[in-house]
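Below, each chain spelled out in residue letters.
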Amino acid sequence: MCAAEPRSPLSVVAVPAHPMIAELPSAIVDIAARRGRAGDLAAAIRAEFGLDLPPPGRFAASGDTTAVWIRPETWLVMAPRGAEGALARRLVETAAGAASVVDQSHGKTRVRLAGAAAPRVLAKGCRLDLHPAQFGPGQAAVTPMAQVGAVLLQRDATPAYELVVGSSYAVPFLEWLTDSAAEFAGTH
Amino acid sequence: MHRIDCPWCGPRDEAEFAYRGDATVRRPAHDAGIDAFYDYVYTRANPRGWHTEWWHHAGGCRQFVKVVRHTMTHEIAGTGKAGDSLPVPAE
């Protein structure tokens, strides 16, 4: 059984606050199209959420709902944390059998990193080239970040990034991120 | 360090991948006999030259990527999805 009120893994440790970093408490749901049903799933999601499931390397957003491509015909759907399981139930009803839906809200933690120095913060643990010529708003990637498997997306040109990591790794990941960002605390 | 062009994710560092061996072996018929299955499981050619092999994009999209790599120079001639048939350059 799940706890009725999920608690962030970051709520039990004292990670120093940093002006560039904030947790985004989220409902996070994995949807994987069943064989041959990707078109049905895309149509259903478009009708219900008003967003087009994005191609590889991209994310799409509509209102406060975001869908990120993570694997062929598989996406992470994220929204601000609401009633427990509500987003997953809505996706199950929307997909109507066209997708396998797995609620990852307890298993994954979403963090925002924003500021002019953000690419330099991430560069210490990220193999991707985050120069604006190579990675920009609307793009997303699944890549190891500081030895932790992460979903990375760039929200805007600030640049503002969002990172989704496994909750079991959220504490050491945030410690790394905060440490990496420490030198930019006064300059962001 | 290789840069492997994942058909889904684009060029990524080798460290995101796990090497998964020869991509040319084919499972024998179920009644082919123990020798054929021994070869299928264990016998590999270990060529000096172009080799078609699997690289699992474990740190990214988790798909198996087919890679044509030169075992001596480490040059990569092409990558593709699991079902793709990739041209192997002449030596």
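Because the structure is a prediction, the values reported are computed rather than measured. (Residues numbered from 1 in each chain as written. Chains lettered and ligands numbered in written order. Predicted model: local features only at pLDDT ≥ 70, side-chain atom pairs only at ≥ 80, totals over all residues.)

> Please give an account of the sheet that holds strand S10 (residues 160–166) of chain A that cites residues and values.
All names here are of chain A. Strand order across the open sheet formed by five strands is S1-S7-S10-S9-S8, with antiparallel pairing between neighbours. Edge strands, defined here as strands with exactly one partner in the open sheet, are strand S1 (21–23) and strand S8 (140–145). When the angles between neighbouring strand axes are averaged without regard to direction, this sheet yields 30°. Sheet analysis places S1 next to strand S7 (residues 108–114), joined by three bridges and oriented antiparallel. Each bridged residue has a counterpart across the sheet, and for Ala22 the counterpart in S7 is Arg112. (Pairing = 2+ DSSP bridges. Helix = DSSP H or I, 4+ residues; strand = E, 2+ residues; numbered from the N terminus. Axes fitted to C-alpha atoms, helices over the stretch in contact; angles between N-to-C directions.)

> Give me the lowdown on unusual backbone geometry, citing residues and values where you can.
Residue and element names in this part refer to chain A. Note that the residue after Thr158, namely Pro159, is joined by a cis bond; omega there is 5°. For Pro159, the position within the fold is in the loop between strand S9 (148–156) and S10. Backbone geometry at Ala96 places phi at a positive 50°, although glycine is not the residue there. Structurally, Ala96 can be placed in the loop between helix H2 (86–95) and strand S6 (99–103). You can call Ala96 exposed: it has 11 C-beta atoms within 10 Å. (Buried ≥ 20, exposed ≤ 12 C-beta atoms within 10 Å, placed from the backbone.)

> Kindly report on the interface of chain B and chain A, identifying the contributing residues and their values.
Across the contact, eleven residues belong to chain B and ten residues belong to chain A. Considered class by class, the residues forming the side of chain B that touches chain A number four nonpolar, four polar and three charged. (Contact = placed C-beta atoms within 7 Å. Nonpolar A, V, L, I, M, F, W, Y, C, P; charged D, E, K, R; others polar.)

> Outline the domain arrangement of chain A, listing residues and values.
Residue and element names in this part refer to chain A. Segmenting chain A into domains produces domain 1 (18–24 + 107–184) and domain 2 (26–103). Taken over C-alpha atoms, the centre of domain 1 sits 22 Å from the centre of domain 2. With eleven residues of domain 1 at the contact, the number on the domain 2 side is ten residues. For the side of domain 1 that touches domain 2, the secondary-structure elements that each account for two or more residues are S7, S8 and S9. When grouped by side-chain class, the residues that make up the side of domain 1 that touches domain 2 number seven nonpolar, two polar and two charged. (Domains from an automatic or database assignment.)

> Pulling in residues and values, what's your account of the sheet that holds strand S6 (residues 76–80) of chain B?
All names here are of chain B. Strand order across the open sheet formed by four strands is S3-S4-S5-S6, with antiparallel pairing between neighbours. Strands with a single pairing partner mark the edges of an open sheet, and in this sheet they are strand S3 (18–22) and S6. This sheet shows a mean twist of 30° between the axes of neighbouring strands, independent of strand direction. Here strand S4 (residues 50–56) runs beside strand S5 (residues 64–70); their pairing, made up of seven bridges, is antiparallel. Directly across from Trp55, in S5, lies its bridge partner Val65.

> Pulling in residues and values, what's your account of the nonpolar core?
Core analysis: the biggest nonpolar cluster contains 63 residues, and Val68 and Val151 of chain A have the highest contact counts within it. Apart from residues no more than four positions distant in its own chain, Val151 of chain A is found in contact with Val68, Ile70, Leu76, Ala140, Val142 and Val164 of chain A. (Core = buried A, V, L, I, M, F, W, Y, C linked by C-beta atoms within 7 Å.)

> Any details on the environment of Lys108 of chain A? Residues and values, ideally.
All names here are of chain A. Structurally, the position occupied by Lys108 is in strand S7. A sequence separation of 71 residues divides Lys108 from Arg37, and the C-alpha atoms of the two residues are 26 Å apart. Those residues in contact with Lys108, other than ones at most four positions away along the chain, are Ile28, Val164, Val165, Gly166 and Ser167.

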